[in-house]
Amino acid sequence: MSTAHILFNRDASVLVSNFLREQPFTQLGVVVDNNTKSHCYSQVKDALPTHSLVEVNAGEESKNLETCTQIWQQLTHLNFDRHSLLLVIGGGVLGDMAGFCAATYKRGVNFALVPTTLLAQVDASVGGKLGIDFLHFKNQIGVFQEPVATLISSSFLKTLPERELRSGFAEVIKHCIIADKEMWDHIARKSLIEQDWDQLIAHSVNIKKKITEEDPREQGLRKILNFGHTIGHALETHYLAMDMRIFHGEAIAMGMIMEGFIAFEKGLLSEVELTSICRFISSIFTMTKQPFNYTQVVGLMTQDKKNKGDKILMALPNGLGQAVWDQEVSAAEIRDAFKHYESL
């Protein structure tokens, strides 16, 4: 599996028009949600050739089979054939879902991603993972399929509320912790608004691209990208089921603190390193202390796709700038990590 062509340009309309000029397709479909239609589609609309607009509702709660059915129905009614192209303008939720629809419609049509959130630009749009939520479990149904290209423009970040920008920054932090101590030291000295987004987007994309090229189907090394996600995804799912939604990055920030503590308890992180991680993440994020059912959260972890049999497996930092994967973690270790988090 080859990694998609990733193109950067601060001018979104130039980026998109230059890409489409080189692409053969019979029809062009542009997939947006109600947020990106208002704030992002307008930036590139005049640069697009004749196209059909496919609009869905925004948000994680729409990332399901029902919305996929709406997309497939619209493509069918528009008589899209296998030589069509879908341009997906949106964040990680829309990219995951519309990419999944493209990969399965008529056994696969080409699609390109135009990620509009920091989270999507540094993480979700790279690596070919596509999917939807099912029975409240995140990304339970999905496939691996690369887009023909990922088109990244930092200009879209100006449309984001600060909470959304902060959420995406969690994945930047993760990439530094697991793969680049020097960049960790660099970002940890700055506040959110002082970060250089063009530099950090390119840095994160390079890390994820390198890892996913080496391990495209997550058999080994790629699992380190899941640091913070075993606990984070379980919390995200738990709060979603309780109608108390928290952002993905907020859940991952919580997960990194807790899984960092587990790494410390296993002798993989020093106390100084753990303190550094907890202090910086806490300075960026207002830590969610909403009530949760511990037993239910651990139960959700047993559904994690990285597990083997009844063993909960995690990716954990091995010092700052490195990580290990398939680390078996007990319910007692997880409970201690939750207690640590609650004590902060």
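Refer to the structure printed above.
Residues numbered from 1 in each chain as written. Predicted model: local features only at pLDDT ≥ 70, side-chain atom pairs only at ≥ 80, totals over all residues. Heavy atoms only, no water.

Peer 1: Would you explain the overall build of the protein chain in this entry?
Peer 2: Assigned secondary structure in the protein chain consists of 14 helices and 10 strands. Expressed along its principal axes, the backbone C-alpha trace of the protein chain runs to roughly 55 × 40 × 35 Å. Classification of the 344 residues of the protein chain by burial places 56% in the buried group. Sequence-distant contacts, at least 24 apart, represent 76% of the contacts inside the protein chain between residues at least 6 apart. (Helix = DSSP H or I, 4+ residues; strand = E, 2+ residues; numbered from the N terminus. Buried < 20%, exposed > 50% of the residue type's maximum accessible area, 1.4 Å probe, protein only. Contact = heavy atoms within 4.5 Å.)

Peer 1: What am I meant to see in the packing of aromatic side chains here?
Peer 2: How two aromatic rings sit relative to each other is given by the distance of their centres and the angle of their planes. As enumerated under the stated definition, the model contains six aromatic pairs in all. A ring pair is formed by Trp72 and Phe100, whose centres lie 6.2 Å apart and whose planes are at 50°; its orientation type is tilted. Here Phe100 lies in helix α5 (residues 92-104) and Trp72 lies in helix α4 (residues 65-77), a separation of 28 residues in the sequence. Relative accessible area serves as the criterion here: at 22%, Trp72 is assigned to the partly exposed category. In this structure Phe100 comes out as buried when scored by relative accessible area, which is 6%. Ring geometry for Tyr294 versus Phe338: centroids 5.5 Å apart, planes at 85°, classification edge-to-face. (Phe/Tyr/Trp six-rings, centres within 6.5 Å; stacked < 30°, edge-to-face > 60°.)

Peer 1: Help me understand the pattern of salt bridges in this model?
Peer 2: Any two side chains of opposite charge can pair, on the condition that their charged atoms come close. Scanning the model with the defined rule gives 15 salt bridges in all. With a shortest N-O distance of 2.9 Å, Asp185 and Lys181 are connected by a salt bridge. Placement of both Asp185 and Lys181 in helix α8 (residues 181-187) is noted, with a separation of four residues, approximately one turn of the helix. Note that Lys266 is salt-bridged to Glu333, the shortest N-O span being 3.1 Å. Placement of the pair is Lys266 in the loop between α11 (248-265) and α12 (271-284) and Glu333 in helix α14 (residues 331-343), with a sequence separation of 67 residues. Residue classification places Glu333 among the partly exposed positions, given a relative accessible area of 22%. Via salt bridges that share partners, Asp123, Glu171, Lys174 and Lys208 belong to a single interconnected network. (Salt bridge = Lys/Arg side-chain N within 4 Å of Asp/Glu carboxyl O.)

Peer 1: Would you take a moment to explain the pairing of strand β6 (residues 129-134) for this structure?
Peer 2: Consecutive side chains of a regular strand alternate in pointing toward one face of the sheet and then the other. Taken together, the five bridges between β6 and strand β7 (residues 137-144) define a ladder with antiparallel strand orientation. Each residue of the ladder has a partner; that of Gly131, found in β7, is Gly142. Linkage of β6 to β7, two consecutive antiparallel strands, is achieved through a turn of two residues, within which Leu135 is found at a positive phi near 55°. (Pairing = 2+ DSSP bridges.)

Peer 1: How should empty space enclosed by the protein be read in this particular structure?
Peer 2: Over the atoms a probe the size of a water molecule is rolled, and this reveals where empty space is left. One pass over the structure, following the stated rule, counts one cavity of 30 Å³ or more. Forming the walls of the largest cavity are Val88, Gly90, Gly91, Gly92, Gly95, Asp96, Leu113, Pro115, Ala120, Ala124 and Ser125. Looking at the lining of the largest cavity element by element, the count peaks at three residues for α5. A breakdown of the residues in the lining of the largest cavity according to their chemical character gives five nonpolar, five polar and one charged. (1 Å grid on protein atoms, 1.4 Å probe; cavity = no way out; pocket = protein on both sides within 12 Å on 5 of 7 lines; lining within 4 Å. Points joined across faces, edges and corners; volume = space filled by probe spheres on them. Nonpolar A, V, L, I, M, F, W, Y, C, P; charged D, E, K, R; others polar.)

Peer 1: Got a minute to help me understand unusual backbone geometry in this structure?
Peer 2: The phi torsion of most residues other than glycine is negative, and most of the peptide bonds are trans. For Asn79, which is not glycine, the phi torsion reads 60° and is therefore positive. Of note, Asn79 is situated in the loop between α4 and β4 (85-90). Looking at Asn79, the relative accessible area reads 60%, which means it is exposed. Although it is not a glycine, Glu218 sits at a positive phi angle of roughly 55°.

Peer 1: Where do I start with helix α9 (residues 197-214) in this structure?
Peer 2: For an α-helix, 3.6 residues make a turn, and residues three or four places apart therefore share a direction. The first and last C-alpha atoms of α9 sit 26 Å apart over 18 residues, in line with the 26 Å expected at 1.5 Å per residue. Of all the positions in α9, only Trp197, Leu200, Ile201, His203, Ser204, Val205, Ile207, Lys208, Ile211 and Thr212 are classed as buried. Against the buried residues of α9 lie β1 (5-8), α6 (118-124), β8 (149-152), α7 (162-179) and α8. Backbone nitrogen of Asp198 and a side-chain oxygen of the N-cap are separated by 3.3 Å at the start of α9; the cap is Asp196. (Expected span 1.5 Å × (residues − 1). Polar contact = N/O pair within 3.5 Å; in protein donor to acceptor, adjacent residues only side chain to side chain.)

Peer 1: Help me out: how do you make sense of the side chain of Thr116 in this one?
Peer 2: Of note, Thr116 is situated in the loop between β5 (110-115) and α6. From its side chain, Thr116 meets the backbone nitrogen of Gly91 in a polar contact 3.4 Å long. Not counting the four nearest positions on each side in its chain, Thr116 is found in contact with Thr36, Cys40, Ile89, Gly90, Gly91, Gln121, Phe156, Leu157 and Leu160.

Peer 1: What is the right way to read the nonpolar core from this model?
Peer 2: The tendency in soluble globular proteins is for nonpolar side chains to be buried side by side. Core analysis: the biggest nonpolar cluster contains 68 residues, and Phe169, Ile173 and Ile334 have the highest contact counts within it. The dominant element in this core, judged by the number of residues it contributes, is α11, at 10 residues. Among the nonpolar cores identified, the runner-up in size contains 22 residues, and Val56, Leu86, Phe100 and Ala102 belong to it. (Core = buried A, V, L, I, M, F, W, Y, C linked by side-chain atoms within 4.5 Å.)

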